[in-house]
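# Topology and contacts: notes
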Amino acid sequence: MTMPVTQCLLKLHEDHHNLEDYQGGVPRWCSGCGDNAILAAVQRLCRDEDLSPERTVFVSGIGCSSRFPHYMKTYGFHGIHGRAFPVAEGIKMARPDLTVFVNTGDGDCCSIGAGHWIHAIRYNMNMTVMLHDNHVYGLTKKQASPTSPIGFKSNTTPRGSYLNALNPLTVTLGVQNVSFVAQAVDWVPEVLYDIISAAYHHRGFSFVRIIQRCPEFLPKMFESWLADPQKTLLLTHANGLTLTPELSRTYKNQLAHDPSNIDRAREIASGEDPIPVGILYRNPEVPCYEDVRHAGQMRTPEHIRVGLEAELDRFTVWPKNAEPAQRAV
Amino acid sequence: MNETMTMAPAASAGRRPAPGASPNEAVTLAEHIVEVISDSGEGAQRCGQSLGVIAAKMGNGIWTTEIIPAEIQPPARSVAGASGIRIRMGSGKVTNGGDETDLVVAFNEQALLGRVHAGELKAGCTILLESMWRGHRDPKIVASYVETVELLHKGGFRVYEVPLEDACSKLVADSRRGKNMFVLGILCSIYSLDLDLARDQIAVTFGKKDAKVITVSQGLLDAGHAWAETNLDFKYRIPVVPVTEPLIVVNGNTALGLGVLASGMDICAMYPITPATSTSHYLSECFERIGGLVHQAEDEIAACAFAVGASYAGKCAVTITSGPGYSLKQEVIGLAIMAEIPLVVINVQRGGPSTGQPTKAEQSDLLASCFGSHGDAPKVVMAVSGIEDCFYAVITARKIAEIFNTVVVLLSDANLATAQQPFPRPQFTEDWLAPPVDQTPVPAGALPYDWDSITGIARRFVPGQPGGMHTLTGLAHDRASHVAYDPTTNEEGLRNRSLKLAALQKTLKTPSVFGDPEGDLLIVGWGSTRGAIEEAVARARVDGLKVSSLHLTFLQPMASGIREILHRFKRVMTIEMNWSDRSEDELIDEDNRRYSALALMLRSRFLVDIDCWSEARGQPIKPATICRVIREKLSS
Ligand SMILES: Cc1ncc(C[n+]2csc(CCOP(=O)(O)OP(=O)(O)O)c2C)c(N)n1
Ligand code: SF4
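Numbering of residues starts from 1 in every chain and runs along the sequence as written. As a convention, the first chain written is A and the first ligand written is 1, with the rest following in written order. Only residues with pLDDT of at least 70 get local features here, since the model is predicted, and only at 80 or more are side-chain atom pairs given and counted; chain-wide, interface and lining totals rely on the full set of residues. In computing side-chain properties, one takes all heavy atoms of the structure into account and sets aside hydrogens as well as water.

## What about the site of ligand 1?
Note the threshold: We call a residue near a given molecule or strand whenever any one of its heavy atoms falls within 4 Å of it. In protein, a polar contact requires one atom able to donate a hydrogen and another able to accept it; more generally it is a pair of N or O atoms within 3.5 Å, and residues adjacent in sequence count only if both atoms are side-chain atoms. Numbering goes from the N terminus for both helices and strands, where a helix is a DSSP run of H or I of at least four residues and a strand is a run of E of at least two.
Cys 64, Ser 65, Gly 107, Asp 108 and Gly 138 of chain A are the nearest of the 17 residues found near ligand 1. Bordering ligand 1 are residues originating from chains A and B. Val 136 of chain A is positioned such that a nitrogen or oxygen atom in its backbone is 3.0 Å from an oxygen atom of ligand 1. Secondary-structure elements contributing two or more residues to the shell around ligand 1 are helix 4 (106-112) and strand 5 (136-137) of chain A.

Right, here's the structure in full:
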């Protein structure tokens, strides 16, 4: 079917999406919750990339942060606690044509879903992952999470938490097949946007840990970081972040880091103060599991019939002299 | 039926093969049960499987059952190491493994003892025993061998010592690996099977290997046959009904795999677990060739979630597991039910609880399947009762899952997993297949959970459909898929998810009664026990007992008409392979007795005083055992 040029242009215009096309329900997060900033950045990204809402799926687990898909106007899958990754993998395997995002909390990803997290890195399926790391269980009202700092007083650790925090960056960087790791903070929206955008453009499992404020349960946690820009270490590189002059003026603590250098990435990732922000690692060469497995093949009924008949042939006992001549033993 | 019983038990126990002895006319038998027993790795199973196929080709009914050692790496020549296969051959259709064994070929006396101790050999059973151990250089082995043979003689068994090693070493370098084909030759001679068919079967079995392997194996076959012809003084013939249509010979797990292919499902997600895994092995080998895919996930939770994700975005997917894996999947199954995502879950049951008995058959996951997953989680539960059923049930399960947007649990068990029984080659039709993924625009104003007021069914919106965008959730939700905590919406969701089972139930046919429609006793069963129950009922009816049986494929929902059937019998009893309290135990009374699963379900639904008899011995219930139970029940 051919279409006159004017109509094509009209259609293009119609198909172009605005911010409202991605705005779903009104967010019910606490005011000042870092999740709001992440939502804003993602909606902007969808608009800028002109993602088709019907071909985009946001997958999450359970937690405050996992409410995320409800606030998008795309397809969403708000599943169960800890299992966002395998659900997203199944979606991607069945439908590699869909754009898949995963929103997960530090409890969801690093505690109950930790096994899936490790394997999701290995599978390296093409999806953009946002770890909303608020260092606490928000939805269930203030229990220690694996990323809570030691000594953190919560409802389950009233005398302070007992263990050192798990570092999601070094863990991710330690897994075979890791292909993209970045860190962002919710309170620098421009950089947050740039990093999520870089993650989206990377083909593979793009893991972004976002340090996310939870004013409800950890109101003072990141105060000093907000007050002192020197406590944020911006990673810059021609292949990484390029900063606007204004940002460069505020965040003077900068480090040139080549994201292809995994050893250096691991070193930087282990630093907690200042917080490294930027792209730590990127390797576009790691194969994606859905490609390795040839996902998304079209199967016609004829294709299935022929395959099934061939399999049945292997197990068939033919009546004497009725064996089909063409059958290859 | 049981003509084998007329076979004379060892008149002169302890015969040696008589060189030159030519058997008289072959004795005609209605059926016979043969076992080939060895240490694992000696090819007994391949021998038995070939024997089964050859007999099937000739027109015998067969049922083969694998004998799996109790330990993973049992020491050689040990009682616990008995590995092998049992083949029941009959002149008509064979629906189960039958009672005790009539003839056994054993590669060593210890593995054989394993079978004797298990009570698996019929009194007077014929034993062909590898005689090499008599001349072994280790005097302990010689002593053990001699002592065992002595014991067997005394026990009334008809023992033939056969120089397997000796004969085979003349033909092959590694006689340990060639014996099985020599034994196949012996068995072909004993059961008067067509040697040409056997040669062809060897060519098929070793088709992937080089021609030399085939020639050598055929040589061993011929040698075994010749040896038996000259050295054995008996021969049987089981009348055949010539095969007129192509038959499929596979075990239950392969049949499940073929069913997955035929259902048009694209994705199977699994985590290895016995006894379900061989289905995935089979699928891994062939599924990709026709555009499907097996994903081995990091655990069963992930496998189930992966399948749910795949179903949500495309066609209904399947996840396959056994007991412990089924437990792990429960939460995700609940999600699929709540969010109304089609999903097929195959559970090849094994002994439980916990790690239980991985290689043994049990029917103890029925209640977990029907009522498992927290909250009210209505799902469809079906059970397969034979090998052919394994194939077609997957196709049905996929259809139901997709029509009703719900979870269908398909129960098989370790018994069917490895049992082989021929069935007519299926004739493919396109309506077995899943329809293509709907990508048409959703009409304006349509809602993702627009439940039909009568059936509770709602059309599913799939990613990619313009206008269908919504966020699916495992939280209580309204028709727009918005999270809703108000009591009315909550009940609306519960009502509609529950109604779907009723809607399916209205389409189910009343299962037919085996035997008269009324009588003194009705036996009710489900799953793999069907063949044994019906055989037992048939035997009891020949003896004049007014007993019938009913076998359920749909356990949830149950078809209409069952209530009326139950009421037409004076007594009703389930027979199941799971645990139920024994009334003779001191503490057990009507107030605390735990009934077996199906009995519990039937009692609660139909308010009929249904008794149960169950056994959890890890192996298929024998028809003779059921006959005894029937008699006891009728005389109590
Ligand atoms: C199987 C299971 N266990 C526990 C819970 C309760 N639960 C819900 S959210 C949550 C933790 C949420 O913390 P996190 O993932 O960090 O997300 P946040 O709320 O902080 O965004 C827990 C324990 C659950 N829903 N399911
Ligand atoms: S509790 Fe914390 S994480 Fe949850 S919405 Fe409120 S601020 Fe955000």
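## Notes on the site of ligand 2
We apply this condition: Each residue gets one of three labels, nonpolar for Ala, Val, Leu, Ile, Met, Phe, Trp, Tyr, Cys and Pro, charged for Asp, Glu, Lys and Arg, and polar for the others, Gly among them.
What surrounds ligand 2 is the set Trp 29, Cys 30, Cys 33, Cys 64, Asn 134, Gln 212, Cys 214, Pro 215, Glu 216 and Phe 217 of chain A. A breakdown of the residues in the shell around ligand 2 according to their chemical character gives seven nonpolar, two polar and one charged.

## Side note on unusual backbone geometry
Residues and elements named next belong to chain B. To be explicit about the condition: Think of it in three bands: residues with accessible area under 20% of the maximum for their type are buried, residues over 50% are exposed, and the middle band is partly exposed, with areas taken using a 1.4 Å probe on protein chains only.
Here the bond from Thr 274 into Pro 275 is cis, since omega is 0°, no more than 30 degrees from zero. Following the sequence through the fold, Pro 275 ends up in the loop between strand 10 (267-270) and helix 9 (277-286). Residue Gly 352 is joined to Pro 353 through a cis peptide bond whose omega torsion reads 0°. At Asn 405, a residue that is not glycine, the phi angle is positive and equals roughly 45°. Relative to the assigned elements, Asn 405 resides in the loop between helix 13 (387-404) and strand 15 (407-413). Of the residues examined, Asn 405 reaches a relative accessible area of 6% and is grouped as buried.

## Topic: helix 2 (residues 34-49) of chain A
All names here are of chain A. Where we set the bar: Helix span, expected: 1.5 Å multiplied by one less than the number of residues in the helix. Two residues qualify as a contact provided that any one of their heavy atoms is within 4.5 Å of a heavy atom in the partner residue.
Counted at 1.5 Å a residue, the expected span for helix 2 with its 16 residues is 22 Å, and the 23 Å between its end C-alpha atoms agrees. Every buried residue of helix 2 is listed here: Gly 34, Asp 35, Ile 38, Leu 39, Ala 41, Val 42, Gln 43, Leu 45 and Cys 46. At its buried positions, helix 2 is contacted by strand 1 (56-60), strand 3 (99-105), strand 4 (127-133), helix 7 (189-201) and strand 8 (205-211). Asp 50 sits one or two residues past helix 2 and shows a positive phi near 50°.

## Re the confidence of the model for chain B
Residue and element names in this part refer to chain B. For the record, the criterion: Note: pLDDT gives the predictor's confidence per residue, expressed from 0 to 100.
Confidence in the prediction for chain B averages 94 pLDDT; 96% of positions are at 70 or higher. Low confidence marks residues 1-14, where pLDDT is under 50. Its contacts with residues over four positions away, or in another chain, come to 27 contacts. The ipTM assigned to the predicted complex is 0.95, against a pTM of 0.94.

## Points about the environment of Glu 89 of chain A
Inspection of the secondary structure assignment puts Glu 89 of chain A in helix 3 (residues 84-94). Since its relative accessible area comes to 2%, Glu 89 of chain A is described here as buried. Those residues in contact with Glu 89 of chain A, other than ones at most four positions away along the chain, are His 116, Ala 120, Tyr 123, Met 125 and Met 127 of chain A together with Phe 306 of chain B.

## Overview of the interface of chain B and chain A
Keep this limit in mind: By convention, the term buried area covers the 1.4 Å-probe accessible surface removed from two parts as they join, with the contributions of both added. The salt bridge definition used is simple: a Lys or Arg side-chain nitrogen within 4 Å of an Asp or Glu carboxyl oxygen. Each pair of strands is called paired provided DSSP finds at least two bridges between the two strands.
Contact residues are listed per partner, giving 75 residues for chain B and 51 residues for chain A. Summed over both partners, the interface of chain B with chain A comes to about 5300 Å²; 63% of that surface belongs to carbon and sulfur atoms. Looking only at chain B, the three residues that lose the most surface to chain A are Ile 290, Glu 298 and Arg 425 of chain B, adding up to 12% of its buried area. Taken together, chain B and chain A are joined by six salt bridges. Here chain B and chain A share 31 residue pairs in polar contact (both at pLDDT 80 or more) between them. For the side of chain B that touches chain A, the secondary structure elements donating two or more residues are helix 1 (44-58), strand 9 (247-248), helix 8 (252-263), helix 9, strand 11 (293-296), helix 10 (300-313), helix 11 (323-339) and strand 17 (471-473) of chain B. Its residues assigned to classes, the side of chain B that touches chain A shows 46 nonpolar, 17 polar and 12 charged. Taken together, the three bridges between strand 2 (residues 75-78) of chain A and strand 17 of chain B define a ladder with parallel strand orientation.

## A word on the layout of surface pockets
What counts is decided by this rule: Here a cavity means grid points, on a 1 Å grid over the protein atoms only, where a 1.4 Å probe fits yet cannot get out; a pocket means an open set of points with protein on both sides within 12 Å along at least five of seven lines; lining residues are those with an atom within 4 Å of a point. Grid points are joined across faces, edges and corners, and a volume is the space filled by probe spheres set on the points.
Approximately 1400 Å³ is the volume found for the largest pocket. At the level of secondary structure, the elements contributing two or more residues to the lining of the largest pocket comprise helix 12 (301-315) and strand 12 (316-317) of chain A together with helix 1, helix 6 (195-205), helix 8, helix 9 and helix 14 (414-418) of chain B. Here the lining of the largest pocket gets six residues from one element, more than from any other, and that element is helix 1 of chain B. Among the residues making up the lining of the largest pocket, the classes are represented as 12 nonpolar, 14 polar and 10 charged.

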